[in-house]
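Commentary on secondary and tertiary structure
Here's the letter readout for the chains.
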Amino acid sequence: ESKNKELDDMSILRQMINQETIIRLALVKNFHALVNDVIVLKQSLAKSEWKISELQRAVTSLQKENRELKKSSSSSDSRIMEEEKRQFYFNKTNSVLNDVKIEVRYLSATLLDFKERTETENESRDKKYEELQRHFNSSIADLYVKNSQIKQDVTSQTALIHGFEDSQSKTKRAFLENLNRTTSNFETKFQSFKNEQLKLSTAVASLELANMNMSKSNCENSRNHAFSAGISLGKSVWTGGTLVFPVVIYSEGTGYNPSTGIFTAPTAGTYVFYVSVQSAHQKLIYLDIVLNGSAKVRAMAWYNSGSSVNMIQTGTNLVILHLQTGDKVWVRRGGGDGYYSDGYHITTFSGFKLF
(Lines give C-alpha, C1' and ligand atoms only; values in the text may rest on other atoms or scores of the structure.)
Protein backbone atom coordinates (compact mmCIF):
# COMPACT_ATOMS: atom_id res chain seq x y z
CA GLU A 1 0.00 0.00 0.00
CA SER A 2 2.84 2.42 0.83
CA LYS A 3 4.46 1.66 -2.54
CA ASN A 4 1.17 2.36 -4.36
CA LYS A 5 0.82 5.65 -2.50
CA GLU A 6 4.37 6.62 -3.47
CA LEU A 7 3.58 5.76 -7.09
CA ASP A 8 0.43 7.92 -6.94
CA ASP A 9 2.43 10.81 -5.50
CA MET A 10 5.08 10.41 -8.19
CA SER A 11 2.38 10.37 -10.92
CA ILE A 12 0.87 13.56 -9.46
CA LEU A 13 4.33 15.15 -9.44
CA ARG A 14 4.92 14.10 -13.07
CA GLN A 15 1.55 15.57 -14.10
CA MET A 16 2.37 18.85 -12.37
CA ILE A 17 5.80 18.97 -13.99
CA ASN A 18 4.20 18.25 -17.39
CA GLN A 19 1.72 21.08 -16.76
CA GLU A 20 4.57 23.43 -15.91
CA THR A 21 6.35 22.40 -19.13
CA ILE A 22 3.18 23.13 -21.17
CA ILE A 23 2.86 26.56 -19.53
CA ARG A 24 6.53 27.32 -20.28
CA LEU A 25 6.08 26.30 -23.96
CA ALA A 26 2.95 28.47 -24.26
CA LEU A 27 4.82 31.45 -22.78
CA VAL A 28 7.75 30.93 -25.14
CA LYS A 29 5.33 30.75 -28.11
CA ASN A 30 3.53 33.94 -27.03
CA PHE A 31 6.87 35.67 -26.54
CA HIS A 32 8.04 34.71 -30.08
CA ALA A 33 4.72 35.95 -31.51
CA LEU A 34 5.20 39.26 -29.64
CA VAL A 35 8.75 39.58 -31.00
CA ASN A 36 7.45 38.97 -34.56
CA ASP A 37 4.76 41.65 -34.10
CA VAL A 38 7.38 44.12 -32.87
CA ILE A 39 9.57 43.33 -35.91
CA VAL A 40 6.62 43.91 -38.27
CA LEU A 41 5.83 47.24 -36.55
CA LYS A 42 9.49 48.27 -36.82
CA GLN A 43 9.43 47.47 -40.54
CA SER A 44 6.24 49.53 -41.05
CA LEU A 45 7.80 52.41 -39.07
CA ALA A 46 10.93 52.23 -41.27
CA LYS A 47 8.72 52.39 -44.38
CA SER A 48 6.90 55.42 -42.96
CA GLU A 49 10.21 57.15 -42.21
CA TRP A 50 11.36 56.43 -45.78
CA LYS A 51 8.15 58.01 -47.15
CA ILE A 52 8.71 61.03 -44.91
CA SER A 53 12.25 61.41 -46.20
CA GLU A 54 10.93 61.21 -49.80
CA LEU A 55 8.38 63.95 -49.10
CA GLN A 56 11.04 66.07 -47.41
CA ARG A 57 13.23 65.75 -50.50
CA ALA A 58 10.23 66.76 -52.65
CA VAL A 59 9.61 69.80 -50.41
CA THR A 60 13.31 70.71 -50.67
CA SER A 61 13.14 70.58 -54.46
CA LEU A 62 9.99 72.74 -54.44
CA GLN A 63 11.69 75.25 -52.15
CA LYS A 64 14.63 75.34 -54.55
CA GLU A 65 12.26 76.01 -57.49
CA ASN A 66 10.57 78.73 -55.47
CA ARG A 67 13.93 80.38 -54.81
CA GLU A 68 14.69 80.24 -58.53
CA LEU A 69 11.32 81.80 -59.29
CA LYS A 70 12.01 84.50 -56.74
CA LYS A 71 15.34 85.15 -58.44
CA SER A 72 13.57 85.39 -61.80
CA SER A 73 10.99 87.68 -60.21
CA SER A 74 13.76 89.93 -58.82
CA SER A 75 15.34 90.09 -62.28
CA SER A 76 11.92 91.05 -63.68
CA ASP A 77 11.63 93.74 -60.99
CA SER A 78 15.02 95.14 -62.03
CA ARG A 79 13.82 95.21 -65.62
CA ILE A 80 10.66 96.97 -64.53
CA MET A 81 12.74 99.57 -62.69
CA GLU A 82 14.80 100.13 -65.79
CA GLU A 83 11.65 100.54 -67.82
CA GLU A 84 10.32 102.96 -65.21
CA LYS A 85 13.53 104.96 -65.51
CA ARG A 86 13.14 104.93 -69.22
CA GLN A 87 9.54 106.01 -68.79
CA PHE A 88 10.67 108.81 -66.50
CA TYR A 89 13.18 110.02 -69.00
CA PHE A 90 10.60 109.54 -71.72
CA ASN A 91 8.08 111.65 -69.85
CA LYS A 92 10.71 114.28 -69.22
CA THR A 93 11.60 114.21 -72.87
CA ASN A 94 7.92 114.60 -73.77
CA SER A 95 7.68 117.63 -71.54
CA VAL A 96 10.76 119.09 -73.15
CA LEU A 97 9.32 118.32 -76.55
CA ASN A 98 6.07 119.97 -75.64
CA ASP A 99 8.02 123.05 -74.70
CA VAL A 100 9.84 122.75 -77.96
CA LYS A 101 6.49 122.43 -79.75
CA ILE A 102 5.30 125.58 -78.09
CA GLU A 103 8.44 127.34 -79.07
CA VAL A 104 8.30 125.84 -82.57
CA ARG A 105 4.84 127.22 -83.05
CA TYR A 106 6.29 130.60 -82.60
CA LEU A 107 9.07 129.80 -84.96
CA SER A 108 9.05 130.45 -88.49
CA ALA A 109 7.36 128.30 -91.04
CA THR A 110 10.69 127.02 -92.05
CA LEU A 111 10.63 124.73 -89.09
CA LEU A 112 7.27 123.04 -89.96
CA ASP A 113 8.99 120.15 -91.68
CA PHE A 114 11.07 119.59 -88.61
CA LYS A 115 7.89 119.66 -86.45
CA GLU A 116 6.12 117.09 -88.58
CA ARG A 117 9.10 114.82 -88.42
CA THR A 118 9.20 115.27 -84.69
CA GLU A 119 5.47 114.42 -84.32
CA THR A 120 5.98 111.33 -86.49
CA GLU A 121 8.80 110.25 -84.29
CA ASN A 122 6.67 110.94 -81.25
CA GLU A 123 3.85 108.77 -82.61
CA SER A 124 6.24 105.94 -83.31
CA ARG A 125 7.68 106.34 -79.86
CA ASP A 126 4.15 106.29 -78.35
CA LYS A 127 3.36 103.11 -80.20
CA LYS A 128 6.56 101.52 -78.99
CA TYR A 129 5.79 102.65 -75.46
CA GLU A 130 2.27 101.19 -75.65
CA GLU A 131 3.63 97.93 -76.98
CA LEU A 132 6.25 97.90 -74.27
CA GLN A 133 3.60 98.65 -71.63
CA ARG A 134 1.34 95.86 -72.93
CA HIS A 135 4.24 93.43 -72.94
CA PHE A 136 5.20 94.51 -69.43
CA ASN A 137 1.61 94.13 -68.18
CA SER A 138 1.28 90.67 -69.77
CA SER A 139 4.62 89.61 -68.23
CA ILE A 140 3.52 90.85 -64.80
CA ALA A 141 0.19 89.00 -65.14
CA ASP A 142 1.98 85.78 -66.13
CA LEU A 143 4.31 86.19 -63.18
CA TYR A 144 1.34 86.71 -60.84
CA VAL A 145 -0.37 83.58 -62.25
CA LYS A 146 2.78 81.50 -61.86
CA ASN A 147 3.32 82.83 -58.35
CA SER A 148 -0.26 81.95 -57.37
CA GLN A 149 0.17 78.45 -58.83
CA ILE A 150 3.40 78.04 -56.89
CA LYS A 151 1.65 79.21 -53.72
CA GLN A 152 -1.17 76.74 -54.35
CA ASP A 153 1.33 73.94 -54.94
CA VAL A 154 3.23 74.83 -51.78
CA THR A 155 -0.05 74.99 -49.84
CA SER A 156 -1.12 71.57 -51.15
CA GLN A 157 2.30 70.11 -50.38
CA THR A 158 2.15 71.62 -46.89
CA ALA A 159 -1.33 70.15 -46.41
CA LEU A 160 -0.04 66.76 -47.56
CA ILE A 161 2.89 66.99 -45.16
CA HIS A 162 0.60 67.96 -42.30
CA GLY A 163 -1.76 65.09 -43.20
CA PHE A 164 1.13 62.67 -43.36
CA GLU A 165 2.46 63.95 -40.03
CA ASP A 166 -1.01 63.51 -38.53
CA SER A 167 -1.26 59.96 -39.92
CA GLN A 168 2.25 59.23 -38.67
CA SER A 169 1.37 60.54 -35.20
CA LYS A 170 -1.80 58.41 -35.24
CA THR A 171 0.24 55.39 -36.32
CA LYS A 172 2.78 56.06 -33.56
CA ARG A 173 0.01 56.43 -30.99
CA ALA A 174 -1.65 53.21 -32.20
CA PHE A 175 1.73 51.44 -32.13
CA LEU A 176 2.45 52.68 -28.62
CA GLU A 177 -1.03 51.72 -27.44
CA ASN A 178 -0.69 48.27 -28.99
CA LEU A 179 2.79 47.88 -27.52
CA ASN A 180 1.61 48.97 -24.08
CA ARG A 181 -1.40 46.67 -24.31
CA THR A 182 0.78 43.75 -25.41
CA THR A 183 3.28 44.54 -22.64
CA SER A 184 0.54 44.65 -20.03
CA ASN A 185 -0.89 41.35 -21.33
CA PHE A 186 2.57 39.81 -21.23
CA GLU A 187 3.13 41.11 -17.70
CA THR A 188 -0.27 39.70 -16.64
CA LYS A 189 0.55 36.32 -18.16
CA PHE A 190 4.01 36.40 -16.60
CA GLN A 191 2.50 37.23 -13.20
CA SER A 192 -0.02 34.37 -13.59
CA PHE A 193 2.86 32.09 -14.59
CA LYS A 194 4.76 33.16 -11.45
CA ASN A 195 1.66 32.45 -9.38
CA GLU A 196 1.30 29.03 -11.01
CA GLN A 197 4.99 28.36 -10.42
CA LEU A 198 4.56 29.41 -6.78
CA LYS A 199 1.61 27.07 -6.46
CA LEU A 200 3.63 24.30 -8.10
CA SER A 201 6.55 24.96 -5.75
CA THR A 202 4.15 24.84 -2.81
CA ALA A 203 2.70 21.57 -4.08
CA VAL A 204 6.20 20.14 -4.58
CA ALA A 205 7.15 21.23 -1.06
CA SER A 206 4.01 19.60 0.32
CA LEU A 207 4.80 16.45 -1.66
CA GLU A 208 8.35 16.46 -0.31
CA LEU A 209 6.98 16.93 3.20
CA ALA A 210 4.55 14.07 2.63
CA ASN A 211 7.41 11.96 1.27
CA MET A 212 9.50 12.79 4.33
CA ASN A 213 6.57 11.91 6.57
CA MET A 214 6.08 8.71 4.64
CA SER A 215 9.78 7.89 4.90
CA LYS A 216 9.63 8.66 8.61
CA SER A 217 6.57 6.43 8.92
CA ASN A 218 8.36 3.70 6.98
CA CYS A 219 11.35 4.07 9.26
CA GLU A 220 9.09 3.84 12.28
CA ASN A 221 7.33 0.82 10.78
CA SER A 222 10.69 -0.72 9.96
CA ARG A 223 11.28 -1.02 13.69
CA ASN A 224 8.77 -3.88 13.60
CA HIS A 225 10.35 -7.10 12.36
CA ALA A 226 8.58 -10.44 11.93
CA PHE A 227 8.83 -13.48 9.70
CA SER A 228 7.45 -16.94 9.20
CA ALA A 229 9.13 -19.47 6.86
CA GLY A 230 8.52 -23.08 5.92
CA ILE A 231 9.68 -26.06 3.89
CA SER A 232 7.56 -27.46 1.06
CA LEU A 233 9.30 -30.86 0.76
CA GLY A 234 10.53 -33.30 3.44
CA LYS A 235 13.65 -35.45 3.53
CA SER A 236 13.57 -38.90 5.07
CA VAL A 237 17.36 -38.94 5.16
CA TRP A 238 18.94 -35.66 6.18
CA THR A 239 22.15 -35.20 8.13
CA GLY A 240 22.92 -31.54 7.43
CA GLY A 241 23.79 -28.85 9.93
CA THR A 242 21.62 -25.72 9.45
CA LEU A 243 18.03 -26.33 8.37
CA VAL A 244 17.09 -23.80 5.70
CA PHE A 245 13.45 -22.70 5.42
CA PRO A 246 13.32 -21.33 1.83
CA VAL A 247 9.60 -20.55 1.58
CA VAL A 248 8.76 -17.14 3.19
CA ILE A 249 5.15 -17.27 4.37
CA TYR A 250 5.18 -13.79 5.93
CA SER A 251 7.78 -11.05 6.32
CA GLU A 252 7.78 -7.53 7.73
CA GLY A 253 10.86 -5.42 8.02
CA THR A 254 14.23 -7.05 7.39
CA GLY A 255 16.37 -9.71 8.97
CA TYR A 256 15.48 -13.19 7.65
CA ASN A 257 17.43 -14.59 4.70
CA PRO A 258 15.57 -17.49 2.98
CA SER A 259 18.72 -18.53 1.14
CA THR A 260 20.67 -19.29 4.33
CA GLY A 261 17.86 -19.74 6.88
CA ILE A 262 19.58 -17.24 9.21
CA PHE A 263 17.84 -14.30 10.91
CA THR A 264 20.11 -11.29 11.56
CA ALA A 265 18.77 -8.76 14.09
CA PRO A 266 18.48 -5.33 12.34
CA THR A 267 17.92 -3.54 15.68
CA ALA A 268 18.47 -4.37 19.31
CA GLY A 269 15.49 -5.63 21.31
CA THR A 270 13.59 -8.61 22.68
CA TYR A 271 12.61 -11.24 20.08
CA VAL A 272 10.45 -14.39 20.14
CA PHE A 273 11.38 -17.44 18.00
CA TYR A 274 9.34 -20.58 17.39
CA VAL A 275 10.17 -23.86 15.59
CA SER A 276 7.92 -26.71 14.62
CA VAL A 277 9.15 -29.97 13.04
CA GLN A 278 7.53 -33.26 12.08
CA SER A 279 9.64 -36.41 11.87
CA ALA A 280 9.80 -38.56 8.80
CA HIS A 281 8.19 -42.01 8.75
CA GLN A 282 9.58 -44.02 11.67
CA LYS A 283 12.38 -41.44 12.14
CA LEU A 284 13.37 -39.08 14.90
CA ILE A 285 14.64 -35.49 14.60
CA TYR A 286 16.04 -32.91 17.05
CA LEU A 287 16.14 -29.22 16.03
CA ASP A 288 17.83 -26.51 18.13
CA ILE A 289 17.23 -22.75 18.01
CA VAL A 290 20.76 -21.34 17.98
CA LEU A 291 21.93 -17.80 18.90
CA ASN A 292 25.37 -16.95 17.48
CA GLY A 293 26.31 -20.68 17.50
CA SER A 294 24.93 -21.42 21.01
CA ALA A 295 21.83 -23.70 21.24
CA LYS A 296 19.06 -22.16 23.38
CA VAL A 297 16.05 -24.58 23.10
CA ARG A 298 15.33 -27.86 21.34
CA ALA A 299 12.27 -29.22 19.54
CA MET A 300 12.18 -33.02 19.50
CA ALA A 301 10.08 -35.37 17.36
CA TRP A 302 11.03 -38.70 18.99
CA TYR A 303 10.17 -42.17 17.68
CA ASN A 304 11.09 -45.41 19.48
CA SER A 305 8.42 -47.99 18.62
CA GLY A 306 10.25 -50.24 16.20
CA SER A 307 9.31 -50.92 12.64
CA SER A 308 5.92 -52.44 13.39
CA VAL A 309 4.17 -49.12 14.27
CA ASN A 310 3.37 -46.58 11.54
CA MET A 311 3.89 -43.35 13.48
CA ILE A 312 5.13 -39.83 12.98
CA GLN A 313 5.80 -37.25 15.71
CA THR A 314 5.71 -33.42 15.89
CA GLY A 315 8.07 -31.41 18.03
CA THR A 316 7.75 -27.67 18.83
CA ASN A 317 9.48 -25.15 21.04
CA LEU A 318 9.55 -21.37 21.66
CA VAL A 319 12.22 -19.09 23.06
CA ILE A 320 12.45 -15.39 24.04
CA LEU A 321 15.87 -13.82 23.42
CA HIS A 322 17.34 -10.37 23.84
CA LEU A 323 19.38 -9.60 20.73
CA GLN A 324 21.86 -6.90 19.87
CA THR A 325 22.10 -5.45 16.38
CA GLY A 326 23.78 -8.00 14.14
CA ASP A 327 23.11 -11.07 16.32
CA LYS A 328 22.22 -14.18 14.30
CA VAL A 329 19.60 -16.84 15.05
CA TRP A 330 18.96 -20.02 13.05
CA VAL A 331 17.77 -23.66 13.35
CA ARG A 332 20.39 -26.41 13.59
CA ARG A 333 20.08 -30.20 13.59
CA GLY A 334 20.76 -31.56 17.08
CA GLY A 335 20.23 -35.19 16.14
CA GLY A 336 18.16 -37.55 13.99
CA ASP A 337 18.17 -37.87 10.27
CA GLY A 338 14.78 -37.17 8.74
CA TYR A 339 11.89 -34.66 8.72
CA TYR A 340 8.60 -34.39 6.88
CA SER A 341 6.89 -31.41 5.21
CA ASP A 342 4.71 -30.69 2.18
CA GLY A 343 2.99 -27.83 0.37
CA TYR A 344 1.16 -26.89 3.58
CA HIS A 345 4.53 -26.19 5.29
CA ILE A 346 4.28 -28.54 8.24
CA THR A 347 7.86 -27.87 9.35
CA THR A 348 8.24 -24.10 10.03
CA PHE A 349 10.45 -21.51 11.66
CA SER A 350 9.04 -18.14 12.89
CA GLY A 351 10.19 -15.08 14.79
CA PHE A 352 9.21 -11.50 15.64
CA LYS A 353 10.40 -8.53 17.65
CA LEU A 354 8.47 -8.19 20.90
CA PHE A 355 9.70 -4.71 21.93
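Under the annotation held in an unreviewed UniProt entry, the protein carries the name C1q domain-containing protein and is attributed to Magallana gigas. Under the UniProt heading Subcellular location (unreviewed entry), the note attached to the protein is "Secreted".

**Some details on the layout of surface pockets**
In this structure, the second largest pocket occupies an estimated 260 Å³ of space. Considering the residues around the second largest pocket, the lining is formed by twelve residues, among which Leu69, Ser73, Leu143, Tyr144 and Asn147 are closest to the centre. When residues of the lining of the second largest pocket are traced back to their parent elements, those giving at least two are helix 1 (2-105) and helix 2 (112-221). Residues of the lining of the second largest pocket, tallied by class, amount to five nonpolar, four polar and three charged.

**Details of unusual backbone geometry**
One non-glycine residue, Gln282, lies in positive phi territory at about 55°. Here Gln282 is to be found in the loop between strand 5 (269-279) and strand 6 (285-291). Even without a glycine there, the phi angle at His345 is positive, about 60°. Looking at the secondary structure, you find His345 in the loop between strand 10 (339-340) and strand 11 (348-353). Of the residues examined, His345 reaches a relative accessible area of 22% and is grouped as partly exposed.

**Notes on the pattern of salt bridges**
Considering all chains together, one arrives at three salt bridges under this definition. Between Glu54 and Arg57 there is a salt bridge, with its nearest N and O atoms 2.0 Å apart. Highlighted residues: Glu54 and Arg57, both in helix 1, separated by three residues, approximately one helical turn.

**Brief notes about a negative patch on the surface**
A contiguous patch of negative charge on the surface is contributed by Asp113, Glu116, Glu119, Glu123, Asp126, Glu130 and Glu131. Inspection of the secondary structure assignment puts Asp113 in helix 2.

**As for the UniProt feature "coiled-coil region" (unreviewed entry) in the protein**
When the UniProt feature table is mapped to this numbering, "coiled-coil region" (unreviewed entry) covers residues 45-72. Segment residues 45-72 splits into 100% helix and 0% strand. End C-alpha atoms: 40 Å apart.

**Thoughts on the pairing of strand 5**
Summarising burial for strand 5: ten of the eleven residues are buried, a large majority. Direction of pairing for strand 5 relative to strand 8 (residues 314-323): antiparallel, over a ladder of ten bridges. Looking across to strand 8, one finds that Val272 is bridged to Ile320. Of the pairings in the sheet, the one linking strand 5 to strand 11 comprises six bridges and is antiparallel in character. Following the sheet pairing, Val272 is matched in strand 11 by Phe352.

**Remarks on the confidence of the model for the protein**
The pLDDT averaged across the protein works out to 81; a share of 86% of its residues lies at or above 70. Long-range and interchain partners of residues 217-222, a stretch whose pLDDT sits below 50, account for three contacts in this model, where long-range means more than four residues apart.

**So, the packing of aromatic side chains**
Counted under the stated rule, the structure contains ten aromatic pairs. With a centroid separation of 5.6 Å and an interplanar angle of 85°, the aromatic rings of Trp238 and Tyr339 are classed as edge-to-face. Remark: Tyr339 occurs in strand 10 and Trp238 occurs in the loop between strand 1 (226-230) and strand 2 (247-252); sequence separation between them is 101 residues. Accessibility expressed as a relative area gives 10% for Trp238, which makes it buried. Put simply, the rings of Phe227, Phe245, Tyr256, Phe263, Tyr271, Phe273 and Phe349 touch in pairs and so form one group of aromatic residues. The ring centre of Trp238 lies 6.0 Å from the NZ or CZ of Arg333, which sits over that ring.

**Quick notes on the environment of Ser73**
Counting through the fold element by element, Ser73 comes out in helix 1. Each C-alpha atom of the pair Ser73 and Leu143 lies 7.5 Å from the other, and the pair is 70 residues apart in sequence.

**Comments concerning the pairing of strand 11**
Burial of strand 11 is extensive: five of the six residues sit out of reach of the surface. The pairing of strand 1 with strand 11 spans five bridges and is antiparallel. Residue pairing in the sheet places Ala229 in a bridge with Phe349 of strand 11.

**A look at the sheet that holds strand 6**
Strand order in the open sheet made by the five strands is 3-4-9-6-7, with antiparallel pairing throughout. Among the strands making up the open sheet, the edge pair consists of strand 3 (256-257) and strand 7 (294-301). Looking at chain direction, strand 3 and strand 4 (residues 262-264) are connected through two bridges and run antiparallel. The residue of strand 4 that forms the bridge with Tyr256 is Phe263.

**Side note on a positive patch on the surface**
Together, Lys64, Arg67, Lys70 and Lys71 give the surface a local cluster of positive charge. When you line up the elements, Lys64 lands in helix 1.

Cut-offs and rules
- Residues numbered from 1 in each chain as written.
- Predicted model: local features only at pLDDT ≥ 70, side-chain atom pairs only at ≥ 80, totals over all residues.
- Heavy atoms only, no water.
- UniProt positions renumbered as here; feature names shortened; annotations may be inferred.
- 1 Å grid on protein atoms, 1.4 Å probe; cavity = no way out; pocket = protein on both sides within 12 Å on 5 of 7 lines; lining within 4 Å.
- Points joined across faces, edges and corners; volume = space filled by probe spheres on them.
- Helix = DSSP H or I, 4+ residues; strand = E, 2+ residues; numbered from the N terminus.
- Nonpolar A, V, L, I, M, F, W, Y, C, P; charged D, E, K, R; others polar.
- Buried < 20%, exposed > 50% of the residue type's maximum accessible area, 1.4 Å probe, protein only.
- Salt bridge = Lys/Arg side-chain N within 4 Å of Asp/Glu carboxyl O.
- Patch = residues over 30% accessible without salt bridge, like charges linked within 9 Å, V, L, I, M, F, W, Y side chains within 5 Å.
- Areas by Shrake-Rupley, 256 points an atom, 1.4 Å probe, with all protein chains shown as cover.
- Lys, Arg positive; Asp, Glu negative; His and termini not counted.
- Charge placed at Lys NZ, Arg CZ, Asp CG, Glu CD.
- Pairing = 2+ DSSP bridges.
- pLDDT = per-residue confidence, 0-100.
- Contact = heavy atoms within 4.5 Å.
- Phe/Tyr/Trp six-rings, centres within 6.5 Å; stacked < 30°, edge-to-face > 60°.
- Lys NZ or Arg CZ within 6 Å of the ring centre and 35° of its normal.

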